Protein chains: 4
Amino acid sequence: MIGIAVVGYGYWGPNLVRNLAEIPEARLTHVCDLDKGRLRAVQARYPTVQITDNLEEVLRDPRVDAIAIATPVSTHFKIAMQALMSGKHVFVEKPMTATSEEGRRLVEEAARRNLVLAVDHTFIHTGAVRKMREIVDDGLGEMYYYDSVRVNLGLFQHDVSVIWDLAVHDLSILDYLLRERPVAVSATGMSHVLGEPENIAYLNLFFESRLIAHIHVNWLAPVKVRRTLVGGSSKMIVYDDLEPSEKIKVYDKGITLSDNPRNEGERVYDMLVGYRTGDMYAPQLDMTEALTRELRQFVSCIEHDEQPIADGAAGLRVVRILEAATQSLAQRGRVVDLGLARMIA
Amino acid sequence: MIGIAVVGYGYWGPNLVRNLAEIPEARLTHVCDLDKGRLRAVQARYPTVQITDNLEEVLRDPRVDAIAIATPVSTHFKIAMQALMSGKHVFVEKPMTATSEEGRRLVEEAARRNLVLAVDHTFIHTGAVRKMREIVDDGLGEMYYYDSVRVNLGLFQHDVSVIWDLAVHDLSILDYLLRERPVAVSATGMSHVLGEPENIAYLNLFFESRLIAHIHVNWLAPVKVRRTLVGGSSKMIVYDDLEPSEKIKVYDKGITLSDNPRNEGERVYDMLVGYRTGDMYAPQLDMTEALTRELRQFVSCIEHDEQPIADGAAGLRVVRILEAATQSLAQRGRVVDLGLARMIA
Amino acid sequence: MIGIAVVGYGYWGPNLVRNLAEIPEARLTHVCDLDKGRLRAVQARYPTVQITDNLEEVLRDPRVDAIAIATPVSTHFKIAMQALMSGKHVFVEKPMTATSEEGRRLVEEAARRNLVLAVDHTFIHTGAVRKMREIVDDGLGEMYYYDSVRVNLGLFQHDVSVIWDLAVHDLSILDYLLRERPVAVSATGMSHVLGEPENIAYLNLFFESRLIAHIHVNWLAPVKVRRTLVGGSSKMIVYDDLEPSEKIKVYDKGITLSDNPRNEGERVYDMLVGYRTGDMYAPQLDMTEALTRELRQFVSCIEHDEQPIADGAAGLRVVRILEAATQSLAQRGRVVDLGLARMIA
Amino acid sequence: MIGIAVVGYGYWGPNLVRNLAEIPEARLTHVCDLDKGRLRAVQARYPTVQITDNLEEVLRDPRVDAIAIATPVSTHFKIAMQALMSGKHVFVEKPMTATSEEGRRLVEEAARRNLVLAVDHTFIHTGAVRKMREIVDDGLGEMYYYDSVRVNLGLFQHDVSVIWDLAVHDLSILDYLLRERPVAVSATGMSHVLGEPENIAYLNLFFESRLIAHIHVNWLAPVKVRRTLVGGSSKMIVYDDLEPSEKIKVYDKGITLSDNPRNEGERVYDMLVGYRTGDMYAPQLDMTEALTRELRQFVSCIEHDEQPIADGAAGLRVVRILEAATQSLAQRGRVVDLGLARMIA
């Protein structure tokens with residue numbers, strides 16, 4: 001059995017604790033937080049877990065094989081690096097780090113020590129996104145666009161813009177869905193509170209192919225929307241995460257192209273566009289809680305010396321895009337090259 | 001009674017004809033089209049109207065006070081200019097012209113001859129958009145953003161991109177809603193059919209204020225969406241044009257800002273963000289057909305020597321933005337200044 | 001070519017006229033109405049059609065093979081009977097007659113003279129209802145229930161209750177979908193306007209099998225709903241007629257029954273109920289206008305001496321149920337036997 | 001502080017325990033259940049609570065002021081009676097008892113001993129239903145109809161029909177909303193599993209006024225629906241419990257009645273029906289968990305010797321309607337008089 005300590009018991013930590021307390025392959029050893037009140041709360045619910053505000057103590061404990069980090073982003077790097085250097089496997093909240101430089105160093109350290117470095121890209125473990133991947137792999141045809149709207153009246157954050165808070169979900173989903181990596185990003189947005197980061201933003205991702213990806217994130221919307229359109233040459237998908245059961249709808253719709261016989265010789269590329277409409281279907285989805293699946297996979301990777309789907313490299317790619325988007329945002333949407341291919345030797 | 005001839009009896013022309021045949025202030029004199037079959041069709045339905053494929057004949061006829069143009073965009077300028085030079089008032093489909101230079105010349109010609117030049121920005125005459133204008137003028141507070149999604153599986157056009165076909169609606173609505181004019185535009189997009197114009201595009205409009213406007217248009221979407229979010233400091237609006245009756249929903253939601261007393265002296269701009277939620281209401285809307293209202297207004301402007309809401313200057317501003325967006329689209333979203341203030345002397 | 005005269009140019013007549021003017025197999029000969037203003041309106045649109053307020057004149061005309069009746073229900077019998085006795089085929093609005101006795105006499109007269117008697121059960125010619133029939137015939141399994149809600153803020157009628165106005169649609173759909181006929185009906189409802197017929201009603205249809213059908217109709221609802229749930233042992237259907245394209249959704253959901261091994265010998269019928277959930281799909285539907293399809297079929301029946309899907313017997317069954325439901329309504333839902341089997345010798 | 005023991009830790013018991021552990025006015029003393037595994041589960045989460053499978057032990061304990069019963073319906077009477085006879089206040093799950101005779105005896109016993117007898121009609125403590133009551137009291141006008149649809153693919157129960165499981169919610173809501181009591185009930189329905197109770201049912205409630213209430217409940221529906229339409233002479237309400245925030249929509253719509261001047265002297269009651277449409281609004285709702293509010297009210301009633309909103313008499317009225325509906329169901333909808341006025345001396 002793998003011993004795991006949770007560091008950070010704020011917004012997301014309780015979900016890690018609840019799941020780790022229930023999956024049979026893991027043993028929840030410690031919960032570590034600086035807030036004594038939070039620690040008492042966890043102790044009341046989970047009397048057998050050890051509570052502490054001392055990270056060193058946790059990292060020294062030989063029963064601890066891995067730590068799960070759910071602290072603010074700015075602290076991820078330091079805690080994760082300390083854990084890796086203590087020989088512990090690491091499961092860290094998204095975004096993995098605050099800079100790509102930090103991310104690169106974590107990836108290298110984990111590789112050097114042959115430790116598992118997993119990033120909590122939760123959405124890619126949902127039944128909905130896994131089904132999308134199936135369709136993308138087999139049936140969608142060439143992907144034409146990925147368009148996501150993720151807006152609501154949300155908690156304004158003071159240290160990071162809405163991109164780091166919300167677009168990170170789409171970036172992790174895209175990283176999982178696609179075999180192709182984006183080459184550049186641009187972002188526009190606005191802060192409507194003086195001195196605070198942007199609360200509305202629009203991201204464009206550019207690819208070498210004809211794929212275009214666009215993400216709209218907004219903390220100041222009157223309604224909650226979580227809707228992604230994916231257009232392909234053979235099928236199109238609408239993914240609405242707020243639908244209770246039919247989250248994924250697959251449309252047998254699109255265009256068909258054929259040479260225009262009348263124009264041969266004239267314009268080489270002239271084509272006839274036809275329209276195709278067919279049935280829609282909403283496949284049944286696996287309703288397992290994403291975090292449960294994800295933590296079991298993390299444990300399994302430790303046991304079998306394997307890499308998780310969202311490994312350090314995935315976490316780093318997402319951080320690099322967030323970083324470049326933030327740069328672009330400050331320059332009214334200047335296109336920023338990503339250089340993802342060069343990131344990891 | 002004002003005599004009006006319709007030029008162009010293709011997709012939109014029949015709506016002009018039907019409305020002109022019914023409003024009591026106008027007399028539909030001619031329908032002019034190059035296609036004999038179309039002319040026979042209109043004759044069968046409206047036996048008293050004169051049909052012709054000869055524009056000169058129409059423009060010479062003294063019973064004709066005005067012409068309504070519903071031909072392809074590329075021909076608008078030539079026909080409208082000819083009409084103005086024949087002393088006829090002009091009602092022209094949107095977009096008004098194919099270039100801002102053409103637009104400028106029409107505006108000047110109409111002004112010189114003291115003729116009415118009206119552009120068919122249909123949406124601004126709907127009950128929904130007129131109600132939005134009321135709320136924007138009185139209740140919304142500072143406008144923070146305008147975000148519109150206008151997508152469906154639509155007819156691919158061969159001469160103009162999806163921007164000219166669909167974003168033109170939002171640009172005309174914005175021109176009507178706002179007192180402020182955009183200063184710059186950027187656009188990204190993609191064509192998924194070799195040799196054809198872009199079928200998906202994203203526009204950003206930049207303003208001197210903190211307003212940000214964004215428009216998503218797409219001919220290749222599996223579902224039809226016509227949804228606009230408008231965020232203000234006091235109220236927020238969701239405008240869903242596909243709703244049969246409750247097209248406009250007004251949310252008494254948003255953020256409240258107050259100085260953070262604990263941080264005085266430290267960070268000048270630090271503010272406490274609070275959240276405000278209240279009732280939503282869907283005001284009853286005037287359901288008069290927009291085109292009817294618009295054509296009656298056009299006739300009334302001719303009779304009383306007044307300017308229509310969507311006059312040549314409005315048409316020109318919209319064309320200028322379309323033109324600049326097209327430039328930007330070709331350069332992966334480079335920001336293009338609009339210079340709207342300098343356009344008309 | 002079959003010559004057809006339309007009698008009655010009020011609410012529905014214009015749809016008959018428009019369709020008959022366009023289908024190539026028929027020739028619209030006359031429009032007959034008592035209102036001179038209505039006749040002038042039709043003449044203006046269709047200059048070649050003959051207008052008259054004299055039904056005898058129409059029935060004497062040898063160019064008239066059939067008449068289509070769109071007058072108030074109370075007049076259907078008299079006009080249809082006169083037409084049949086003049087040797088004309090008849091297409092009559094639903095409900096076919098005001099009483100089952102009238103209906104029975106029309107059916108007999110048409111049979112005796114070997115004339116086509118068709119009832120305008122429009123919905124059964126829509127792509128949606130035809131697709132439902134396909135699924136009911138092949139895939140639904142045993143039909144467990146049919147539950148329809150048909151409510152809106154509708155025009156109160158003064159001569160008939162909401163049952164005759166709205167439930168008639170569901171009764172005609174059920175008559176088409178099922179091979180089994182209901183054996184009894186009960187209805188409850190209420191009038192909220194003194195001296196007027198019921199504006200809200202609930203109908204139950206009883207069958208010899210375990211099928212139960214229920215229809216809710218209401219002229220005084222704040223929202224428009226047109227939604228039918230059909231439950232079967234293998235599949236379930238949601239038919240929402242207000243959906244623009246996905247009107248029919250088929251759910252691979254339900255219960256599975258198996259003998260409970262633990263209880264053998266004890267309770268004979270004890271069974272284990274299991275639950276089955278699977279994909280949902282929305283089949284593509286034929287979007288041909290129902291009335292076009294229906295009128296072409298009527299013409300074809302005349303030409304080939306065949307019976308239409310909604311023949312006089314179908315019309316009579318629907319009228320009989322309406323009549324019995326009206327009786328029940330007056331007695332707080334007393335169950336009224338239908339005796340459909342005995343209706344037609 | 002009021003000491004409360006929870007009896008029954010199955011489906012609903014955990015919600016009682018969680019709430020009682022958190023409200024400051026109460027002290028959760030025991031959890032009593034026959035299942036040892038369930039008791040161990042509660043002990044692990046709430047180490048300070050006393051667990052037991054012996055009800056007598058609980059009722060003897062002087063620290064216990066009241067018990068909350070969440071056992072199967074068939075056991076409610078016996079446990080509640082025992083508790084009352086031990087001088088304990090009682091909070092019991094809905095439906096209060098299995099028969100109205102049982103209910104009557106509980107009500108009498110509680111009155112005789114001056115103990116609080118509260119029934120867990122949870123819905124009437126939600127923000128949505130409380131807002132409806134406000135509107136019904138002030139603004140709706142005369143209530144014309146209450147129409148509820150409560151269907152989904154639900155757990156088939158073996159001891160009670162879908163009426164006892166689902167319609168009980170609407171009956172408790174109606175009991176709370178109305179000042180008028182129903183005089184009779186009828187119900188139709190069907191069992192689709194041999195030997196099991198009805199899984200689909202339709203209830204009609206009759207009143208002395210023109211109000212009509214109708215409830216559709218179904219365990220075998222492909223989609224989940226929780227939608228109630230309430231029509232009044234001044235306003236109409238749509239209550240959709242599945243909407244995340246806008247559960248209540250109030251429509252300023254309806255009919256207006258005026259004397260028909262043309263018909264005076266002819267038909268006394270002839271009236272002109274006019275139509276009125278106006279704004280819709282969705283009032284903000286209190287989002288407090290209903291059960292929290294309800295349990296605090298129960299404690300407050302004990303402390304101040306007051307009666308809860310849903311007292312034993314309310315519980316009894318609901319049970320009486322369920323009982324009469326069950327009778328009617330067995331006789332194809334025969335109207336059964338309720339005699340609610342005579343129930344409690």
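Treat the numbers as computed from the prediction; the structure is a model and nothing was measured.

As a further point, take the overall build of chain A. Assigned secondary structure in chain A consists of nine helices and 17 strands. Over its C-alpha trace chain A gives a radius of gyration of 22 Å, about what one expects of a compact globule, namely 20 Å for 345 residues. Over its C-alpha atoms, taken along the principal directions, chain A stretches across nearly 80 × 45 × 45 Å. By the burial criterion, 61% of the 345 residues in chain A qualify as buried. Residue pairs in contact within chain A that sit at least 24 positions apart in sequence constitute 66% of those at least 6 positions apart. When the accessible area of chain A is evaluated, it comes to approximately 13800 Å², of which 49% is carbon and sulfur surface. The distance from the centre of the 39 positive side-chain charges to the centre of the 47 negative ones in chain A is 2 Å.

This part is about helix α9 (residues 312–329) of chain A. An α-helical segment advances 3.6 residues per turn. Residues three or four places apart therefore align on the same side. Look at α9 of chain A: 25 Å from first C-alpha to last across 18 residues, which is about the 26 Å you get at 1.5 Å a residue. The buried fraction of α9 of chain A amounts to 16 of the 18 residues, a majority that puts the element mostly inside the structure.

Quick look at the interface of chain B and chain C now. Chain B puts four residues into the contact, and the matching count from chain C is four residues. Of the roughly 340 Å² buried where chain B meets chain C, counting both sides, 34% is carbon and sulfur surface. Looking only at chain B, the three residues that lose the most surface to chain C are Ala 44, Arg 45 and Pro 47 of chain B, adding up to 67% of its buried area. In this assembly, chain B and chain C are joined by zero salt bridges. Joining chain B to chain C, the criterion identifies zero residue pairs in polar contact (both at pLDDT 80 or more). A per-class count over the side of chain B that touches chain C returns two nonpolar, no polar and two charged.

Another point: the interface of chain B and chain A. Size of an interface, as often reported, equals the accessible area lost when the parts are brought together. Opposite the 55 residues of chain B that make contact, chain A presents 55 residues. Broken down residue by residue, the surface that chain B buries against chain A is led by His 192, Pro 222 and Arg 332 of chain B, which jointly contribute 15%. Seen at the junction of chain B and chain A, the total is zero salt bridges. In this assembly, chain B and chain A are joined by 17 residue pairs in polar contact (both at pLDDT 80 or more).

Residues and elements named next belong to chain A. Under the criterion given, the structure shown has 76 salt bridges over all chains. The closest approach of N and O atoms between Arg 130 and Asp 286, which form a salt bridge, is 3.6 Å. Placement of the pair is Arg 130 in helix α6 (residues 127–137) and Asp 286 in the loop between β16 (280–282) and α8 (290–304), with a sequence separation of 156 residues. Assessed through its relative accessible area of 27%, Arg 130 is described here as partly exposed. When the shortest N-O distance is used, the salt bridge between Asp 286 and Arg 293 registers 2.5 Å. Since its relative accessible area comes to 23%, Arg 293 is described here as partly exposed. In the salt-bridge network here, residues are joined through shared partners; they are Glu 101, Arg 104 and Glu 108.

Residue and element names in this part refer to chain A. Judged by how many residues are buried, strand β1 (residues 2–7) sits mostly within the fold: six of six residues are covered. Neither face of β1 is open: one carries Ile 2, Ile 4 and Val 6, the other Gly 3, Ala 5 and Val 7, and all of them are buried. For β1 and strand β2 (residues 26–32), the ladder comprises five bridges, and the chain directions are parallel. What sits directly across from Val 6, in β2, is Val 31.

Further remarks concern the relation of the copies chain B and chain A. Of the transformation placing chain B onto chain A, the axial shift is 0.0 Å and the rotation is 180°, giving an RMSD of 0.0 Å. What the rotation and shift describe, once combined, is the action of a two-fold rotation axis. The share of interface residues of chain B whose copies in chain A are also at the interface is 100%, consistent with both copies meeting through the same surface.

Take the packing of helix α7 (residues 162–177) of chain B against helix α9 (residues 312–329) of chain B next. Residue and element names in this part refer to chain B. In the contact formed by α7 and α9, the axes pass within 10 Å of each other and the chain directions differ by 130°. Between α7 and α9, the angle falls in the class oblique. Between α7 and α9 lies a crossing of right-handed hand. Contact residues: α7 offers Ile 163, Trp 164, Val 168, Leu 171, Ser 172 and Asp 175, while α9 offers Ala 314, Arg 317, Val 318, Val 319, Ile 321, Leu 322, Glu 323, Ala 325, Thr 326 and Leu 329.

The next point concerns the domain arrangement of chain A. All names here are of chain A. Along its sequence, chain A is organised into domain 1 (2–122 + 290–309) and domain 2 (124–288 + 320–342). The straight-line distance from the C-alpha centre of domain 1 to that of domain 2 is 30 Å. For the pair domain 1 and domain 2, the two sides together bury roughly 1300 Å², of which 64% comes from carbon and sulfur. The interface formed by domain 1 and domain 2 includes one salt bridge. The element best represented in the side of domain 1 that touches domain 2 is α8, accounting for four residues.

With that settled, the discussion passes to the relation of the copies chain B and chain C. Least-squares fitting of chain B to chain C yields an RMSD of 0.1 Å, with the transformation described by 0.1 Å of translation along the axis and a rotation of 180°. The fraction of interface residues of chain B whose copies in chain C are also interface residues reaches 100%, indicating that both copies meet through the same surface.

This next bit is on the sheet that holds strand β3 (residues 50–52) of chain C. Hydrogen bonding along the main chain pairs the strands of a sheet, whether they run parallel or antiparallel. Residues and elements named next belong to chain C. Ordered in space as β3-β2-β1-β4-β5-β6, the six strands form an open sheet in which the pairing is parallel. The two strands at the open ends of the sheet, each matched to only one other strand, are β3 and β6 (117–120). In this sheet, neighbouring strand axes are inclined to one another by 20° on average, regardless of whether the strands run parallel or antiparallel. Inspection of the sheet shows strand β2 (residues 26–32) paired to β3 by three bridges, in the parallel sense. Within the sheet, the bridge partner assigned to Val 31 lies in β3 and is Ile 51. Strands β2 and β3 of the sheet are contacted by helix α2 (residues 36–45), whose axis makes an angle of about 180° with β3.

Quick look at the environment of Pro 308 of chain B now. Residues and elements named next belong to chain B. Note that Pro 308 resides in the loop between α8 (290–304) and α9. Note on Pro 308: relative accessible area 7%, which makes it buried. Residues Pro 308 and Glu 294 lie 14 residues apart in sequence; the distance between their C-alpha atoms is 8.7 Å. Contacts of Pro 308, omitting those with residues within four sequence positions, involve Val 116, Leu 117, Ala 118, Gln 297 and Cys 301.

Moving on, we get to the sheet that holds strand β4 (residues 66–69) of chain A. All names here are of chain A. As summarised here, the arrangement of the six strands in space is β3-β2-β1-β4-β5-β6, forming an open sheet in which the pairing is parallel. The strands lining the two open edges of the sheet, one partner per strand, are β3 (50–52) and β6 (117–120). The average undirected angle you get between the axes of adjacent strands in this sheet is 20°. In this structure, strand β5 (residues 89–93) lies alongside β6, joined through four bridges in parallel fashion.

Each value, and the rule that gives it
- Residues numbered from 1 in each chain as written.
- Chains lettered and ligands numbered in written order.
- Predicted model: local features only at pLDDT ≥ 70, side-chain atom pairs only at ≥ 80, totals over all residues.
- Heavy atoms only, no water.
- Helix = DSSP H or I, 4+ residues; strand = E, 2+ residues; numbered from the N terminus.
- Rg over C-alpha atoms; globule rule 2.2 N^0.38 Å.
- Buried < 20%, exposed > 50% of the residue type's maximum accessible area, 1.4 Å probe, protein only.
- Contact = heavy atoms within 4.5 Å.
- Areas by Shrake-Rupley, 256 points an atom, 1.4 Å probe, with all protein chains shown as cover.
- Lys, Arg positive; Asp, Glu negative; His and termini not counted.
- Charge placed at Lys NZ, Arg CZ, Asp CG, Glu CD.
- Expected span 1.5 Å × (residues − 1).
- Buried area = accessible area lost by both parts, 1.4 Å probe.
- Salt bridge = Lys/Arg side-chain N within 4 Å of Asp/Glu carboxyl O.
- Polar contact = N/O pair within 3.5 Å; in protein donor to acceptor, adjacent residues only side chain to side chain.
- Nonpolar A, V, L, I, M, F, W, Y, C, P; charged D, E, K, R; others polar.
- Pairing = 2+ DSSP bridges.
- Least-squares fit on C-alpha atoms with pLDDT ≥ 70 in both.
- Axes fitted to C-alpha atoms, helices over the stretch in contact; angles between N-to-C directions.
- Parallel < 35°, antiparallel > 145°, perpendicular 65-115°, else oblique.
- Left-handed = near helix turned anticlockwise from the far one by under 90°.
- Domains from an automatic or database assignment.

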